[in-house]
Structures are given as structure tokens and as C-alpha cells.
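Structure assessment
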Amino acid sequence: GTSLINQLNVGTIGLLVPSLSELTSDTGHDPLLLVTRPQRAIDFTIGNNTASSPALTVGVHHMEVDFYAFLYERYVRAFTLDLTMNIGVNLEFEQMPGMAAVIKPSLVGISAASVTVRVLNSEFVRETAQHLEQVLPSVFDLVTPLIGNLPAIEVPTFAGFTLNNLAIQKVTTTQDDFLAIYATLGASSLMRQL
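Bear in mind the structure is a predicted one, so any value in this text is a computation, not a measurement.

**Quick notes on the overall build of the protein**
When its secondary structure is counted, the protein shows five helices and nine strands. Sequence-ordered secondary structure for the protein, helices as α and strands as β, is α-α-β-β-β-β-β-β-α-α-β-β-β-α. Compactness check: the protein gives a C-alpha radius of gyration of 22 Å against a globular reference of 16 Å for 194 residues, more than 25% above the reference. Considering only C-alpha atoms, the protein reaches an extent of 70 × 40 × 20 Å along its principal axes.

**Quick notes on a nonpolar patch on the surface**
There is a patch of nonpolar side chains on the surface, built from Leu33, Phe70 and Tyr75 and spanning about 250 Å² of accessible area. Summarising the element assignment, Leu33 is placed in strand E1 (residues 32-38). With a relative accessible area of 34%, Leu33 lands in the partly exposed category.

**Side note on the side chain of Ser122**
Along the chain, Ser122 falls in the loop between strand E6 (116-120) and helix H3 (129-135). Leave out the neighbours within four places in its chain, and Ser122 touches Ala78, Phe79, Ala129 and Leu132.

**Regarding the pairing of strand E9 (residues 177-187)**
As paired strands, strand E8 (residues 161-172) and E9 are joined by ten bridges and run antiparallel to one another. For Thr162, the partnering residue across the bridge sits in E9 and is Gly186. Hairpin connection, E8 to E9: the antiparallel pair is bridged by four residues.

**Let's talk about the packing of aromatic side chains**
Counted by the stated rule, this structure contains two aromatic pairs. With a centroid separation of 4.7 Å and 25° between ring planes, the pair formed by Phe67 and Phe79 is classed as stacked. In this pair, Phe67 sits in strand E3 (residues 56-71) while Phe79 sits in strand E4 (residues 74-94), placing the two residues twelve residues apart along the sequence. With respect to burial, Phe67 and Phe79 carry one shared label: buried. Ring geometry for Phe70 and Tyr75: centres 5.0 Å apart, planes at 65°, overall edge-to-face. On the basis of relative accessibility, which here comes to 31%, the residue Phe70 falls in the partly exposed class. What makes Tyr75 partly exposed here is its relative accessible area of 39%.

**Observations regarding unusual backbone geometry**
In the Ramachandran plot, His62 falls in the positive-phi region, its phi being about 60° despite a non-glycine side chain. If you trace the backbone, His62 turns up in strand E3. With phi around 50°, Asn121 is a residue other than glycine that occupies positive phi space. Counting through the fold element by element, Asn121 comes out in the loop between E6 and H3.

**Some points on the environment of Phe124**
The topology assignment puts Phe124 in the loop between E6 and H3. Separated by 108 residues in the primary sequence, Phe124 and Leu16 have C-alpha atoms spaced 15 Å apart. Sequence-distant contacts of Phe124, defined by excluding residues within four places in its chain, comprise Leu20, Leu23, Leu71, Val76, Arg77 and Ala78.

**Points about the confidence of the model for the protein**
Of the residues in the protein, 90% have a pLDDT of 70 or more, and the chain-wide mean is 84. Within the protein, helix H5 (residues 189-193) has the poorest average pLDDT of any element, 66, and strand E2 (residues 43-46) the best, 93.

**Thoughts on the nonpolar core**
Core analysis: the largest hydrophobic core is formed by 30 residues, its most contacted members being Ile13, Leu20 and Phe79. Mapped by element, the contributors of at least two residues to this core are helix H1 (10-14), E3, E4, E6, H3 and helix H4 (138-147). Per element, the largest residue contribution to this core is seven residues, and it comes from E3. The residues contacting Phe79, other than those within four sequence positions of it, are Ile13, Val17, Val65, Asp66, Phe67, Leu120, Asn121, Ser122, Val125 and Leu136. Of all hydrophobic cores here, the second largest spans eight residues; its members include Ala55, Leu91, Val155 and Leu166.

Rules behind the numbers
Residues numbered from 1 in each chain as written. Predicted model: local features only at pLDDT ≥ 70, side-chain atom pairs only at ≥ 80, totals over all residues. Heavy atoms only, no water. Helix = DSSP H or I, 4+ residues; strand = E, 2+ residues; numbered from the N terminus. Rg over C-alpha atoms; globule rule 2.2 N^0.38 Å. Patch = residues over 30% accessible without salt bridge, like charges linked within 9 Å, V, L, I, M, F, W, Y side chains within 5 Å. Areas by Shrake-Rupley, 256 points an atom, 1.4 Å probe, with all protein chains shown as cover. Salt bridge = Lys/Arg side-chain N within 4 Å of Asp/Glu carboxyl O. Buried < 20%, exposed > 50% of the residue type's maximum accessible area, 1.4 Å probe, protein only. Contact = heavy atoms within 4.5 Å. Pairing = 2+ DSSP bridges. Phe/Tyr/Trp six-rings, centres within 6.5 Å; stacked < 30°, edge-to-face > 60°. pLDDT = per-residue confidence, 0-100. Core = buried A, V, L, I, M, F, W, Y, C linked by side-chain atoms within 4.5 Å.

Here's what the structure looks like:
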């Protein structure tokens, strides 16, 4: 909601749903709250860490998202979206000289063209469900860059050694697919001092 992404407010959604913006305050920056309710199990698949085959793909099927607008001193459900999409997560390593390595995750594959949207419970707004299904996918083009800046994950030392020359690779066995992180062992700063 607005507390996490300031740009995601009733005024912003009101650009796509004009009847909702007519109910906002003078500032137009009324808070918006999104409540997610997965309707089916989420699938995870392992890929090759490329744009076309992300390291990890999260398959979301029929997750309902309720849009609650803060209007007249209370949250009111404006409409519900039923979303189906594949969220790709790629992992890159970054290591500055003398610093610990970090894993930088990035989102791929989330755009208006790759998300299936069905509108439910839209009686509160004047726009038809069909109209909302055409315009609301563009929200993903707005929100994805904002949530796409995922925090880096510091690679820990291992038994007093640093991990250098990091690489990630998909490994397929007879039982599972998984991601493997390969590295060479290096001397930590404490070991170099000794």
C-alpha cells in the first residue's frame, strides 16, 4: 500500500479509474491498501539465471488482490483483481575489492503484457469490469520498477574463509532441480593479518 510505495495511492489509481478519483480528498493522495489472497498454491521453478529463463520463477495463479481506498475516514473495497502471472527473480553477484560479496536479486517478466487480470467485485466504481481489465495491467509497469529494487544479500564468510569468484548454476538431478552457488575459498581479512 501507500505506506510502502508512496506513489501507489488513490490519486494514482484514480487516473485509471476516474470514478474512484471523484471520491478523494482535495489532495488526491489518499492512502491505498492492497490485500492479497492466494487462491491456489504458488509454483516455483528453477531456471538458468537469464532473462528468458530466470533463476527462480514464481508462478502465481488466481491470486486475488483487494484494492481498499481510504475514503470518508475508512477503508472501502473499491474492486478486486484476480491475477495470474509468472514472477522471475534473477541473481547477480557483486564484489568490490576488499569487500564482502553480495547477491543482487532483480525482478524480470512482470509487465502489463505478461499479467492476466480479471476484475471482480467492481460494483463500487462506475467503470465496467471489461474496461478495468484493459487499463489496470498498466499498474504493473508503474509498480514493478518501484518494488524491483530488492535489497542485496551479503554473502557470509565460510569457516573463516571468504567466498570469491561466485557463480550460480542450475543443477538437475534424478530427484530435483536446484540452484547451486559455486565459489573459491579466499583468506578473510583476519586470516591475512595472521
